[in-house]
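Next come the chains, spelled out residue by residue.
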Amino acid sequence: MRILSSSRLQLRSRGFASVPVKPLLTPVTFPSHNKLGPCTGYQTNSTHLRGSHKEAGVIVIQEWWGVNYQIQKLANHWFGCEFVTIVPDLYRGRVAVDHEEAGHLFSGLDWHGAIADIQSTAHYLKSQGCKRVGVVGFCMGGALSLASSVLIPEVSAAVVFYGIPSPSLADPSKACVPLQLHFGLNDDLKGFSDPEAQNELEKQLKSGNVSYEFNRYEGCGHAFANDARPEVYNVAAAGLARSRTLKFFSHTLRPDNNNDNSEYLAGFVPTGSSSPH
């Protein structure tokens, strides 16, 4: 499989100062083995959660833009009502305002350091009483979510939106937790999330006997769940993907909620394509 290098996904950088974003969620800081030191995350309000809802944590991993308003809003809207949810700030406060700056930040990311931050976020959630922790990511975050399913033993389930890690970071066939994947059939990021890369990824998952559910969305390109980008956002596909993600995490992170978990926790999950209407 040909993996997209940072130079293919970014535009050429000329240097810029990132614009700070006022947080929508509550900032929390915890230790990290990342060489950059402690990591800040943005946590949803979980005071309303009761029972098993307080014992299930979700880590939401940013796109290449950074922890902007859109990803905080998504974390709050998609997951805040059902899970203890945190968005770790992998860029340490830097947020891109255009594709050029996003490419600059993406190319400078220490991917192994990001994995350390995600693992530290999982440790923090467990210290807050979460018995199981899931990871979900978008674009760059999707690749990191898939890598987390291989590299972080504290993770119990992972959801991947249109991103595949470099083989130098993680081998998807070695994922050891249930996976749910979401990709657009019109995605044109060659080697990173396009249909050819999707098919190669699925071959790897099958070869490793990974428990997974692969959802492909007709008529959708890259970043179809990002409502801050109207040129790519698909409201029907995003809604369907959200409902599938919530059901998946409900099954895998709250095994005592009287749901039948067998299809996600023990064995192969069938794949399919979707044409949302």
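Below is a summary of the structure that appears in this document.

Reading the values: the criteria
Residues numbered from 1 in each chain as written. Predicted model: local features only at pLDDT ≥ 70, side-chain atom pairs only at ≥ 80, totals over all residues. Heavy atoms only, no water. Salt bridge = Lys/Arg side-chain N within 4 Å of Asp/Glu carboxyl O. Helix = DSSP H or I, 4+ residues; strand = E, 2+ residues; numbered from the N terminus. Buried < 20%, exposed > 50% of the residue type's maximum accessible area, 1.4 Å probe, protein only. Axes fitted to C-alpha atoms, helices over the stretch in contact; angles between N-to-C directions. Parallel < 35°, antiparallel > 145°, perpendicular 65-115°, else oblique. Left-handed = near helix turned anticlockwise from the far one by under 90°. Contact = heavy atoms within 4.5 Å. Nonpolar A, V, L, I, M, F, W, Y, C, P; charged D, E, K, R; others polar.

Turning to the pattern of salt bridges, a few remarks are in order. Considering all chains together, one arrives at nine salt bridges under this definition. Between Glu-82 and Arg-254 there is a salt bridge, and its shortest N-O distance comes to 3.6 Å. A residue pair is termed long-range when its members are at least 10 positions apart, and Glu-82 in the loop between helix H2 (69-79) and strand E4 (84-88) and Arg-254 in the loop between helix H7 (235-253) and helix H8 (262-265) qualify at 172 residues. We classify Arg-254 as buried; its relative accessible area is 4%. Each of Lys-190, Asp-194 and Glu-196 takes part in one network of salt bridges that share partners.

A few words now on the packing of H2 against H7. Packing of H2 against H7 leaves a shortest axis separation of 10 Å and a crossing angle of 60°. Compared by their axis directions, H2 and H7 come out oblique. At the point where H2 passes H7, the crossing takes the right-handed sense. Contacts between H2 and H7 involve His-77, Trp-78 and Phe-79 from the former and Ala-238, Arg-242, Thr-245, Leu-246 and Phe-249 from the latter. Classifying every residue of the contact of H2 with H7 gives five nonpolar, two polar and one charged.

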